[in-house]
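Understanding the architecture of this molecule
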Amino acid sequence: HSVGIIGAPFSKGQVRDGVECAPNKLRAAGLLERLQQQGCAVKDYGNLTFENVALDEPVKGSKSVRTVGSANQRLSEAVKAVKRDGHTAVMLGGDHSLAIGSIHGHTAAVGPVSVVWVDAHADIHTPLSSNTGNIHGQPMSYLLYELQSKVPPLPNFSWMKPCLSSRDLVYIGLRDVDPEEHYIMKLLTVKAFSMTQVDQLGVARVMEETCDYLSKKPIHLSYDIDAIDPSVTPATGTPAVGGLTYREGIYITEYLCQTGLLSAVDMVEVNPLRGRTEDDVHSTVSTAVDLLLGCFGRRREG
Ligand SMILES: CN[C@](CCCC[B-](O)(O)O)(CCN1CCCCC1)C(=O)O
Ligand SMILES: [Mn+2]
Ligand SMILES: [Mn+2]
Ligand SMILES: [Mn+2]
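Residues numbered from 1 in each chain as written. Chains lettered and ligands numbered in written order. Predicted model: local features only at pLDDT ≥ 70, side-chain atom pairs only at ≥ 80, totals over all residues. Heavy atoms only, no water.

So, the pairing of strand β6 (residues 191-194)
Bridge analysis of strand β5 (residues 169-174) against β6 gives 4 bridges, and the strand direction is parallel. Counterpart to Leu174 in the pairing with β6 is Ser194. You can see the chain leave β5, run along helix α6 (residues 179-187) and come back into β6, and the turn it takes is right-handed. (Pairing = 2+ DSSP bridges. Helix = DSSP H or I, 4+ residues; strand = E, 2+ residues; numbered from the N terminus. Right-handed = clockwise from strand over helix to strand, strands pointing away.)

Quick look at the structure:
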């Protein structure tokens, strides 16, 4: 595996400080060295710098729109470049609003992709349906062709066009979905394996059905650490009880790795400041590292 790492220390898709510290925390935990030890070629593209747009007043309720738009434009270019260099792109967030730029840039480089979105949340609010105005709860609406009539033109977003079909999206791990999001998902018949299906089918069957459902397009795995149960990964901004076990989370990455289709991975919403203890932070960060190692060939059997 050839891996290109992009650090995206960005937090303005939500309101809690700390998530911008995750890229360096993940590196400090030995992510690159462990990828190399398991035989990956690793190129670190460093951390992107994002400018804070002044007077970034809410637009139709969405917060920090201009700053989020500018950050994602920069990220899109960076991911495109990593793909053009021939690597599997790894984007270390930062909050989940960054999926806008990551998936946009990935698509710009390779054409249409499948998205596997592992998350407690659907992140499919529109700017107008969101109750919080936090764009990390909205990235999917910016990306989906089918929702473009529901997303008003926003400042610093004119650079992007929708680039994902709802038919090429699968959710895994949902358990905290707002009514407005559920309505949108039903309308678009989005394929989703909530924690109910994970319980009913088991993670192995969920992954078989996910890959049978998807075409053979390159896969963009967008992994929100809050998909994992907060007992394992508490240091995150919007924890939700009843999440994936460590083993289920790892199995997802092992399964997608062996498809040979994995083309980009986001690891987002690790927030070291949201751990109550050092152990909380360590457990969260080391789980995120292990999930990424699973994407790139690490097998528990050795
Ligand atoms: C479920 N939607 C939330 C959370 C979004 C999480 C983003 B992610 O990237 O971490 O997945 C929460 C909205 N609820 C907050 C509590 C009261 C009810 C609404 C939102 O802010 O839209
Ligand atoms: Mn998310
Ligand atoms: Mn989430
Ligand atoms: Mn198929």
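Structural notes on the pattern of salt bridges
Throughout the structure, instances matching the rule amount to 9 salt bridges. With its nearest N and O atoms 3.7 Å apart, the salt bridge here joins Glu77 to Lys80. A residue pair is termed a helical-turn pair when its members lie 3 or 4 positions apart in one helix, as Glu77 and Lys80 do in helix α3 (residues 65-84) at 3 residues. Using a relative accessible area of 19% as the deciding quantity, one classes Lys80 as buried. The shortest N-O distance in the salt bridge between Arg300 and Glu254 comes to 2.8 Å. (Salt bridge = Lys/Arg side-chain N within 4 Å of Asp/Glu carboxyl O. Buried < 20%, exposed > 50% of the residue type's maximum accessible area, 1.4 Å probe, protein only.)

Brief notes about the site of ligand 1
For ligand 1, the set of nearby residues contains 16 residues, the closest of which are His96, Asp123, Thr132, Asp224 and Thr238. Within the side chain of His121, one N or O atom sits 3.1 Å away from an oxygen atom of ligand 1. Measuring from a nitrogen atom of ligand 1, one finds a side-chain N or O atom of Asp178 at 3.1 Å. Notes on ligand 1: free accessible area 540 Å², of which the protein chains cover 75%. When each cavity is represented as a set of grid points, ligand 1 is found to reside in the largest pocket. (Near = heavy atom within 4 Å. Polar contact = N/O pair within 3.5 Å; in protein donor to acceptor, adjacent residues only side chain to side chain. Areas by Shrake-Rupley, 256 points an atom, 1.4 Å probe, with all protein chains shown as cover. 1 Å grid on protein atoms, 1.4 Å probe; cavity = no way out; pocket = protein on both sides within 12 Å on 5 of 7 lines; lining within 4 Å. Sits in = over half its atoms within 2 Å of the grid points.)

Function-wise, these values are silent; they only describe arrangement.
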